[in-house]
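# Secondary and tertiary structure notes
One letter stands for each residue in the lines below.
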Amino acid sequence: MRGSTGEPGSRAGVSRRGFLGLVGAGAALAAGGYAAGAAVGSSSPPEGKVHAFYGTHQSGITTPVQQHLYFASLDLTSSTTREQLIELLRTWTDAAARMTRGLEVSDGGAVGGGPLRPPDDTGEALGLPPAALTITFGFGPSLFAGEKGARLGLAGRKPTALADLPSFAFDLIEDEQSHGDLCIQACAEDPQVAVHAVRNLSRLAFGKAMIRWTQLGYGRTSVTSTSQSTPRNLFGFKDGTANIMSDESAELARWVWTPRDSSPVWFAGGTYLVARKIMMTIESWDRAQLGEQESIIGRDKFHGAPLSGGEEFTPPNFAAVDGSGNFAIAADSHVRLAHPDNNGGTRILRRGFNFVEGNNDLGQLSAGLFFISYQRDPQQFIDLQRALKSDAMNEYIRHVGTAVFAIPPGIGEGEYIGQGLFG
């Protein structure tokens, strides 16, 4: 439990807050994270779990996907120096390591610093358990570019494949919901714990970096562990059935982690995060016939089985035909177009969340999927997204936000996130 002095307290019980108390929610079709080291207390409720912050890879990638997300993109101020950025990353590392253990950001905490100064910790997570919190950090292309990259001494240190994503068919990208110098992904079983983490890290960045955009997410739309049942997205379909799982070490090495001979060397063992904010035209979808919905997705809505037959995890048979001689899984279905069998075997690790942000002026739901994927090269996502240009689901979705970040490898105690970047 979080105590007022920064040490675990004695109050029992768990408060699981719904997303409504957090003013909306963030979303997804996304990817996963790996905390090197197993969760402590695996037999306890998820809210009481602690995931290791230190390890070979950052947590929050292959870690079992939690129910809530708070994602933040930040830009450095125009006056931030290389030394100040290093100081910020050191401060973030120490604070994140504490918060993932259920502690406050410092020993002073929310009330321990005295009545005549602002508290070190904002305090809204007092009394709450760790809630399986993971915090993942990344660097955007703009951090290395132009005057900023030169000023920070990073112009020649950019990971080879780190670049803004190209435009895709049907994109309606809004700049105010895209890009950024730095990112923070906080995932937890309690939404208030995730919000507390980003709130305090952005507070620690005052004068060095400021929030560019954020996204709240509730309800995972993918899994990274066979112990988790496949969740549903806001279209009502099971999502992420074919995701890469945390125990598929060979697949992770092939598709997610950058190799030992990565360029530059400091990025070996890292990965690339792609984030896409996808709006759903919920009302139009809800008026579509069930048969049409299943044909668009390529799966049975209740069981999640491919329309070629079998159960949820039965491999799709793309050669199967129905009684009319048509493909059982339509040629323009999402499952067919996105499946590795039809994309040279390419896979990505998805870690996504639903979001609902109220209603627009017409009374329609402002909702959708906040898609996050992890891959050893963003080209994997680019190839898959281009393969979806004829996806029948495009009639019901619009991509309005986009970002890509280099996620540095994990660290050991005494080191700070991204330390290798600075030589």
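Residues numbered from 1 in each chain as written. Predicted model: local features only at pLDDT ≥ 70, side-chain atom pairs only at ≥ 80, totals over all residues. Heavy atoms only, no water.

Selection criterion: UniProt positions are given in the numbering used here, feature names are shortened, and annotations may be inferred rather than shown by experiment.
Looking at an unreviewed UniProt entry, one finds the chain named Deferrochelatase and attributed to Rarobacter faecitabidus. In UniProt, the chain has this text filed under Sequence similarities (unreviewed entry): "Belongs to the DyP-type peroxidase family." Looking at the chain in UniProt, the text filed under Subcellular location (unreviewed entry) is "Cell envelope".

### Quick word on helix H3 (residues 191-204)
Counted only if it meets this: Helix and strand definitions here come from DSSP, where helices need a minimum of 4 consecutive H or I residues and strands a minimum of 2 consecutive E residues; each element is numbered from the N-terminal end. Each residue after the first adds 1.5 Å to the expected span of a helix. In this scheme, a residue with accessible area under 20% of its type's maximum is buried, one over 50% is exposed, and one in between is partly exposed, where area comes from a 1.4 Å probe on protein chains only. Two residues qualify as a contact provided that any one of their heavy atoms is within 4.5 Å of a heavy atom in the partner residue. Polar contact is the term for a pair of N or O atoms within 3.5 Å; when the atoms are in protein, one must be able to donate a hydrogen and the other to accept it, and sequence-neighboring residues count only if both atoms are side-chain atoms.
If you check H3, its first and last C-alpha atoms are 20 Å apart, about what 14 residues at 1.5 Å a residue would give, namely 20 Å. In terms of burial, H3 is largely enclosed, as 10 of its 14 residues are buried. When we look at burial in H3, the residues that qualify are Pro-191, Gln-192, Val-193, Ala-194, Val-195, His-196, Ala-197, Val-198, Asn-200 and Leu-201. Residues of H3 that are buried in the fold lie against strand S1 (68-76), helix H1 (82-99), strand S2 (134-139), strand S3 (182-188) and strand S4 (209-220). Of the residues that open H3, the one with a side-chain oxygen 2.9 Å from the backbone nitrogen of Gln-192 is Asp-190.

### Points about the pattern of salt bridges
Threshold: Salt bridge criterion: a side-chain nitrogen from Lys or Arg within 4 Å of a carboxyl oxygen from Asp or Glu.
Scanning all chains against the criterion turns up 13 salt bridges. Ionic pairing is found between Asp-175 and Arg-212, a salt bridge with its closest N-O pair at 3.2 Å. Note that Asp-175 is positioned in the loop between helix H2 (146-152) and S3 and Arg-212 in strand S4, a separation of 37 residues in sequence. Lys-277 is the partner of Glu-357 in a salt bridge, and the nearest nitrogen-oxygen pair spans 3.1 Å.

### Some points on the nonpolar core
Note on soluble globular proteins: their nonpolar side chains tend to be buried together. Cut-off, in case you're wondering: Residues belong to one nonpolar core when they are buried, are Ala, Val, Leu, Ile, Met, Phe, Trp, Tyr or Cys, and are joined through side-chain atoms within 4.5 Å.
Core analysis: the largest hydrophobic core is formed by 75 residues, its most contacted members being Trp-92, Ile-135, Phe-137, Leu-143, Leu-182 and Phe-235. The element contributing the most residues to this core is H1, with 9 residues. In this structure, Ile-135 is in contact with Phe-53, Gln-58, Ser-59, Ala-96, Met-99, Thr-100, Ile-184, Gln-185, Ala-197 and Leu-201, ignoring residues within four places of it in sequence.

### Let's talk about the confidence of the model for the chain
What counts is decided by this rule: Per residue, pLDDT measures the predictor's confidence, with a range of 0 to 100.
On average, the chain scores 90 in pLDDT, and the residues at 70 or more come to 90%. Ignoring residues within four places in sequence, the model shows residues 3-43, a span with pLDDT below 50, making 162 contacts including any to other chains.

### Concerning the pairing of strand S9 (residues 397-407)
What counts is decided by this rule: Should DSSP find at least two bridges between two strands, the strands are taken to pair.
Counting buried residues in S9 gives 10 out of 11 residues, a clear majority hidden from the surface. Inspection of the sheet shows strand S5 (residues 271-280) paired to S9 by 10 bridges, in the antiparallel sense. What sits directly across from Leu-273, in S9, is Phe-405.

### Thoughts on unusual backbone geometry
Cis rather than trans, the peptide bond between Ser-263 and Pro-264 has omega equal to -5°. If you trace the backbone, Pro-264 turns up in the loop between helix H4 (249-255) and S5. Its identity as a non-glycine residue notwithstanding, Ala-131 has a phi of 60°, on the positive side. Residue position: Ala-131 is located in the loop between H1 and S2. One non-glycine residue, Phe-170, adopts positive backbone phi at about 75°. Examined against the element boundaries, Phe-170 turns out to sit in the loop between H2 and S3.

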